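Architecture and fold: a report
The residues making up each chain are set out below.
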Amino acid sequence: MPYECYGGKNIKIMDKKIYLDYAAAAPTDPKVVAAMQPYFFDIYGNPSSLHSFGQDAKRALEDAREKVASLMGASSTEIVFTSGGTESNNFALKGIAYANKGEGNHIITSSIEHHAVTEPCEFLEKQGFKITYLKVDKYGLINPQDVKDAINDKTILVSIMHANNEIGTIEPIAEIGKIVKEKGVYFHTDGVQTFGHIPLNVDDLNVDLLSLSAHKFYGPKGVGALYIRKGTKISPFLEGGDQEKKRRASTENVPSIVGLGKAVDLVRETMDEEMKKSYFLRDKLIKGILETIDNTKLNGHPLLRLPNNVNISVEYVEGESMVLNLDLEGIACSTGSACTSSSLEPSHVLLAIGIAPESAHGSLRFTLGRFTQDEDIDYVLEVLPRVIKKLRAMSPLYKGE
Ligand SMILES: *Cc1c(COP(=O)(O)O)cnc(C)c1O
């Protein structure tokens, strides 16, 4: 490994640095940063102010709202800006629960949701709400019939994620939405892994609420939105000023919201092309790993899958050791989800699809994106077999192929 001297310190310089953890955070596109910049230095007014500084900021805000709305076939009055995917999910679940508790106290969700859905559900459970966690099949798919069977006269909300962040499985949201709509129940989907990645339309999906987050599709961190269908009964998330039609008080994060709008502009232009590129590189990586490394298996659905997601179980190796060893080789990926990988608990998603706890510890997730190149995949396919071979040589359980 080459070293270079910086200010008297030896800093290790990688030959290569390959980022394959886009599902945890995508890099902010330089065009997004450029679009945000004037809103720090020139157009810094408060959008609620009547002077031109404020009104210029207000116009930018509404422009971004229009962009976000149109990418999902919504109307701009149905978009509320938030601080990200976690807030959008909290807003949807708690907002619907509190506003509709007179109608019932039952909420249906799945066993593979992001923690930003399961934790608010557990919080609501302590407040007297009843939560049903639906099981998934071995691919991580929810059966729409199970949703139908779980709905009772106390059900006020169904929340099922659009695509899973760990295993990439895309759920049959349109079909579930049709059932939920017929029952007259609100339907929320966590669209953080799909909005900006694959085409989606809130009417086709039959959803009443959809969460999205800018940093998952090349926007800045700490900003997102919640789509709320017109006529939905929901409590405000923050009380205070009149911002966001009194649904989410606090001075709007104008630069970040402008960045979110710009990120939407970019995906509108590039989505088809990026999907095609991702499918190609994803499948090359999956095929390469499964063909060259014994005792490996793809997790998630082979076809109903996010274009950029590769999740592999590697027997007889610890996920954490693989991630750290790959990092030394300049490859960034994850095991389990980024939020849980610091804990020793195996991923709840992998357990839910029926993977044994020992194997669940040995999973690797590579998520590809805008700046991933063919050579990056070649490099991973060159390094990974060597890293796994080295780690397996130290494992008392591995007896060879
Ligand atoms: C990243 C992620 C979130 C959380 O979004 P933040 O903007 O980081 O709060 C929620 N749901 C899913 C599926 C995610 O991938």
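Structure report, in brief. (Residues numbered from 1 in each chain as written. Predicted model: local features only at pLDDT ≥ 70, side-chain atom pairs only at ≥ 80, totals over all residues. Heavy atoms only, no water.)

1. Regarding the sheet that holds strand S14 (residues 363-367)
What the 3 strands build is an open sheet, ordered S11-S12-S14; its pairing is antiparallel. Each having just a single partner strand, strand S11 (296-298) and S14 make up the two edges of the open sheet. Between one strand and the next, the sheet's axes are offset by a mean angle of 25 degrees, whatever the strand orientation. Of the pairings in the sheet, the one linking strand S12 (residues 309-314) to S14 comprises 5 bridges and is antiparallel in character. Paired with Ser 313 across the strands is Ser 363, a residue of S14. Against the sheet, helix H11 (residues 319-328) contacts S12 and S14, and its axis sits at roughly 45 degrees relative to S14. (Pairing = 2+ DSSP bridges. Helix = DSSP H or I, 4+ residues; strand = E, 2+ residues; numbered from the N terminus. Axes fitted to C-alpha atoms, helices over the stretch in contact; angles between N-to-C directions. Contact = heavy atoms within 4.5 Å.)

2. A short note on the site of the ligand
Inspection of the region around the ligand gives 13 residues, with Thr 86, Asp 190, Gln 193, Ser 213 and Lys 216 positioned closest. Contact between the ligand and Lys 216: an oxygen atom at 2.8 Å from a side-chain N or O atom of the residue. Relative to its unbound accessible area of 380 Å², the ligand is 88% covered by the protein chains. By residue number, the principal contributor to the shell around the ligand is helix H4 (residues 85-99), which donates 3 residues. (Near = heavy atom within 4 Å. Polar contact = N/O pair within 3.5 Å; in protein donor to acceptor, adjacent residues only side chain to side chain. Areas by Shrake-Rupley, 256 points an atom, 1.4 Å probe, with all protein chains shown as cover.)

3. Quick word on the packing of helix H3 (residues 52-71) against helix H10 (residues 254-292)
The N-to-C vectors of H3 and H10 enclose an angle of 35 degrees; their axes lie 9 Å apart at closest approach. Viewed along their axes, H3 and H10 form a crossing whose handedness is left-handed. Residues Ala 57, Ala 60, Leu 61, Ala 64, Lys 67, Val 68, Ser 70 and Leu 71 of H3 touch H10, and the partners they reach there are Val 254, Ile 257, Val 258, Leu 260, Gly 261, Val 264, Asp 265, Val 267 and Arg 268. The residue inventory of the contact of H3 with H10, partitioned by class, reads 12 nonpolar, 2 polar and 3 charged. (Left-handed = near helix turned anticlockwise from the far one by under 90°. Nonpolar A, V, L, I, M, F, W, Y, C, P; charged D, E, K, R; others polar.)

4. Remarks on the pattern of salt bridges
Scanning the entire structure with this criterion turns up 20 salt bridges. Its salt-bridge partner being Arg 229, residue Asp 208 comes within 3.5 Å of it at the nearest N-O pair. Of the two residues, Asp 208 sits in the loop between helix H8 (202-205) and strand S9 (209-213) while Arg 229 sits in the loop between strand S10 (224-228) and helix H9 (243-246), which places them 21 residues apart along the sequence. Judged by relative accessible area, which is 13%, Asp 208 ranks as buried. Between Lys 284 and Asp 378 there is a salt bridge; the shortest N-O distance is 2.8 Å. Note that Lys 284 is positioned in helix H10 and Asp 378 in helix H14 (residues 374-393), a separation of 94 residues in sequence. Given a relative accessible area of 24%, Lys 284 falls into the partly exposed group. Overlapping salt bridges, with partners in common, bring together Lys 58, Glu 62, Arg 65 and Glu 244 in one network. (Salt bridge = Lys/Arg side-chain N within 4 Å of Asp/Glu carboxyl O. Buried < 20%, exposed > 50% of the residue type's maximum accessible area, 1.4 Å probe, protein only.)

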